[in-house]
Amino acid sequence: MTKKAIIKKKLSKITISQEISGKEGSFGVYVQISSKLGIKIVGGTSVEKHFKEYLKEAIHEARNLREARKRVSFVPRCYGVQSFKIDGKSRIGILMQHLGKKRLENMNINNDYDVRHCLKNRLLKVNILHDDLHNANVMFYKGRYYVIDFGQVTIIKSQ
Ligand SMILES: Nc1ncnc2c1ncn2[C@@H]1O[C@H](COP(=O)(O)OP(=O)(O)OP(=O)(O)O)[C@@H](O)[C@H]1O
Ligand SMILES: [Mg+2]
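Note that the coordinates shown come from a computational prediction; the quantities given were computed from them, not determined experimentally.

Analysis parameters
Residues numbered from 1 in each chain as written. Chains lettered and ligands numbered in written order. Predicted model: local features only at pLDDT ≥ 70, side-chain atom pairs only at ≥ 80, totals over all residues. Helix = DSSP H or I, 4+ residues; strand = E, 2+ residues; numbered from the N terminus. Buried ≥ 20, exposed ≤ 12 C-beta atoms within 10 Å, placed from the backbone. Expected span 1.5 Å × (residues − 1). Contact = placed C-beta atoms within 7 Å. Pairing = 2+ DSSP bridges. Near = placed C-beta within 6 Å. Nonpolar A, V, L, I, M, F, W, Y, C, P; charged D, E, K, R; others polar. Core = buried A, V, L, I, M, F, W, Y, C linked by C-beta atoms within 7 Å.

**So, the environment of Leu-55**
Summarising the element assignment, Leu-55 is placed in helix 3 (residues 51-71). Given 17 C-beta atoms within 10 Å, Leu-55 falls into the partly exposed group.

**Details of helix 3**
Between the first and last C-alpha of helix 3 there are 31 Å, a value that for 21 residues agrees with the 30 Å anticipated at 1.5 Å per step. On its buried face, helix 3 is in contact with strand 3 (37-42), strand 4 (78-86), strand 5 (89-97), strand 6 (128-129) and strand 9 (154-155).

**A word on the pairing of strand 4**
Pairing between strand 4 and strand 5: eight bridges, direction antiparallel. Bridge pairing links Phe-84 to Arg-91 in strand 5. Counting the residues between successive antiparallel strands, the hairpin from strand 4 to strand 5 contains two residues, one of them, Asp-87, with a positive phi of roughly 50°.

**What to know about the site of ligand 1**
If you check the shell around ligand 1, you find 21 residues, and the closest are Lys-23, Gly-25, Ser-26, Tyr-30 and Leu-99. Put simply, the parts of the chain that give the shell around ligand 1 at least two residues each are strand 2 (28-32), strand 3 and strand 5. For the shell around ligand 1, the class distribution of residues is eight nonpolar, eight polar and five charged.

**Regarding the nonpolar core**
In this structure, Ala-58, Leu-65, Ile-94 and Val-147 are the most contacted members of the largest nonpolar core, which totals 35 residues. A total of five residues in this core trace back to one element, the largest contributor, which is helix 3.

**Examining the environment of Arg-63**
Mapped onto the fold, Arg-63 is located in helix 3. Accessibility expressed as a C-beta count within 10 Å gives 14 for Arg-63, which makes it partly exposed. Taking the C-alpha atoms as reference points, Arg-63 and Phe-150, separated by 87 residues in sequence, lie 8.9 Å from one another.

**Quick word on unusual backbone geometry**
For residues that are not glycine, phi is negative in most cases, and the peptide bond is trans in most cases. A positive phi angle, close to 50°, is found at Asp-87, a residue other than glycine. In this structure, Asp-87 sits in the loop between strand 4 and strand 5. Although it is not a glycine, Asn-127 adopts a positive phi angle of roughly 65°. Given 13 C-beta atoms within a 10 Å radius, Asn-127 is considered partly exposed.

**Examining the sheet that holds strand 4**
The strand order across the open sheet built from five strands is 1-2-3-5-4, with neighbouring strands paired in antiparallel fashion. Edge positions in the sheet fall to strand 1 (23-24) and strand 4, since each has one partner strand and no second. Pairing of strand 3 with strand 5 involves six bridges; the strand directions are antiparallel. Among the inter-strand pairings, Ile-39 is bridged to a residue of strand 5, identified as Leu-95.

**Overview of the pairing of strand 3**
Judged by how many residues are buried, strand 3 sits mostly within the fold: five of six residues are covered. Sheet topology note: the strand 2/strand 3 ladder contains five bridges and is antiparallel. Within strand 3, the residue paired with Gly-28 across the bridge is Val-42. Hairpin connection between strand 2 and strand 3: a loop of four residues separates the two successive antiparallel strands.

Structure (structure tokens):
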């Protein structure tokens with residue numbers, strides 16, 4: 001089976017209850033689909049009505065992730081945008097590297113401001129402006145911090 005077919009099979013197994021219990025953000029719900037792979041489902045149940053807009057936003061975020069990952073290593077790898085169905089209803093998701101469950105938010109450390117500040121500056125150095133760098137948008141995975149949530153990011157093209 002090809003990688004694509006394996007992913008399609010995994011996506012076809014995502015259930016509504018998995019989606020509901022996924023990690024919720026304001027734009028998407030994140031569901032882990034294997035030890036190394038997760039999907040940020042955008043739009044949820046309202047995606048059918050506004051399919052084109054959500055698809056556009058998902059493609060935009062996936063592009064941002066890929067461009068950012070070319071410039072820094074502390075961003076999840078992105079494997080593209082995929083539409084699929086849950087209980088016969090359409091969904092759109094951004095496939096990406098799974099970075100575990102630890103967010104800066106639940107780490108109970110007192111230098112979280114410094115961590116965010118440092119990550120923000122490292123992104124700025126490569127012309128990436130992340131305007132929404134709060135503690136739920138920083139993951140701690142295998143001893144390193146990672147920045148997620150690239151929907152609202154501004155990336156200045158390198159010449
Ligand atoms: N690659 C990943 N690996 C592990 N968990 C992730 C990953 N991406 C997202 N998550 C989880 O899903 C949550 C929501 O993801 P994200 O911040 O991208 O969505 P959002 O809806 O845009 O959030 P926001 O409320 O910041 O706009 C994160 O806080 C995190 O817990
Ligand atoms: Mg977020």
